[in-house]
Amino acid sequence: MDPPPILSSAFPLPPMGYIELFSDDNIRQNERILQPPPPIEGPYELFGAYVSGIDHSEPIIRPLADLQIQRVYMRPDDYKGELKKLCFAILTNYLDLLQIVSRSTLTPSPDSGNTTLREQKLNEIELLFINIHHLINELRPHQARETLRVILEEQKQQREKTSEKLYSFLNRIVDVLNSAVYSLNDLVPKVSN
């Protein structure tokens with residue numbers, strides 16, 4: 001006789017305490033069902049970093065000046081043009097970095113005596129990436145709005161198609177009923193008084 005098949009799962013089995021809490025009787029009686037914990041008030045630890053609670057008076061995306069980071073793009077209303085400029089600036093700075101590294105890695109910077117040209121160029125590239133990241137994050141609300149608009153437009157088209165199909169079926173049903181009434185009128189003898 002073959003041994004029974006071994007069942008496996010990608011996830012571990014839940015603790016028996018949870019299974020007992022969600023029995024059919026408990027769900028019907030709405031007793032002993034775990035309620036979600038209340039929202040956390042004040043600061044809390046998230047992935048090892050302490051986060052103060054969400055302050056709804058502050059904007060979701062804080063300006064770079066509040067973060068004490070230099071803003072290198074000029075016009076925040078021309079996102080596409082500014083992103084192209086920042087990408088081109090990253091490319092040129094990267095090529096400059098390759099040229100610096102190919103010559104010497106320890107060339108001191110003429111601007112500041114403590115950092116090398118390589119470190120200065122890496123800091124410039126990092127600043128450009130932070131600015132690109134910030135500019136992209138400023139576009140997130142627009143992206144969310146546009147995604148929502150597209151979803152609503154698709155739902156509208158789907159509902160219009162469904163209503164058109166419903167009306168066509170309804171018209172066919174009315175036609176079938178009318179033809180049935182006419183055929184019944186032809187078959188039923190007329191009663192004369």
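See above for the structure.
On a predicted model such as this, the values are computed, not experimentally measured, just so you know. (Residues numbered from 1 in each chain as written. Predicted model: local features only at pLDDT ≥ 70, side-chain atom pairs only at ≥ 80, totals over all residues. Heavy atoms only, no water.)

Novice: Got a minute to help me understand the pattern of salt bridges in this structure?
Specialist: Side-chain pairs of opposite charge can arise whenever the charged atoms involved come near each other. Tallied over the entire structure, the rule returns four salt bridges. One salt bridge in this structure joins Glu-82 and Lys-85, with 3.7 Å as the shortest N-O distance. Here the residue Glu-82 and the residue Lys-85 both occupy positions in helix H3 (residues 79-103), the gap between them amounting to three residues, near one helical turn. Under the relative-accessibility criterion, Glu-82 is labelled buried at 4%. With its nearest N and O atoms 2.6 Å apart, the salt bridge here joins Glu-146 to Arg-149. Here the residue Glu-146 and the residue Arg-149 both occupy positions in helix H4 (residues 117-187), the gap between them amounting to three residues, near one helical turn. Exposure remark for Glu-146: the relative accessible area of 39% places this residue in the partly exposed category. Judged by its relative accessible area of 46%, Arg-149 is partly exposed. Connected through salt bridges with shared partners, the residues Asp-96, Lys-121 and Glu-124 form a single ionic network. (Salt bridge = Lys/Arg side-chain N within 4 Å of Asp/Glu carboxyl O. Helix = DSSP H or I, 4+ residues; strand = E, 2+ residues; numbered from the N terminus. Buried < 20%, exposed > 50% of the residue type's maximum accessible area, 1.4 Å probe, protein only.)

Novice: Help me out: how do you make sense of the side chain of Asn-131 in this one?
Specialist: Structurally, Asn-131 can be placed in helix H4. Sequence-distant contacts of Asn-131, defined by excluding residues within four places in its chain, comprise Leu-64, Gln-70, Arg-71, Val-72, Tyr-73 and Leu-86. (Contact = heavy atoms within 4.5 Å.)

Novice: Got a minute to help me understand the nonpolar core in this structure?
Specialist: Within soluble globular proteins, side chains that are nonpolar generally end up buried alongside one another. By size, the foremost hydrophobic cluster in this structure holds eight residues: Leu-64, Tyr-73, Leu-83, Leu-86, Ile-90, Leu-128, Ile-132 and Leu-135. Every element with two or more residues in this core is listed here: H3 and H4. In this view, Leu-86 contacts Val-72, Tyr-73, Leu-128, Asn-131, Ile-132 and Leu-135; residues no more than four positions away in its chain are not counted. (Core = buried A, V, L, I, M, F, W, Y, C linked by side-chain atoms within 4.5 Å.)

Novice: Honestly, a negative patch on the surface in this entry has me stumped. Any pointers?
Specialist: There is a patch of like negative charges on the surface, built from Glu-153, Glu-154, Glu-160 and Glu-164. Structurally, Glu-164 is set in helix H4. (Patch = residues over 30% accessible without salt bridge, like charges linked within 9 Å, V, L, I, M, F, W, Y side chains within 5 Å. Areas by Shrake-Rupley, 256 points an atom, 1.4 Å probe, with all protein chains shown as cover. Lys, Arg positive; Asp, Glu negative; His and termini not counted. Charge placed at Lys NZ, Arg CZ, Asp CG, Glu CD.)

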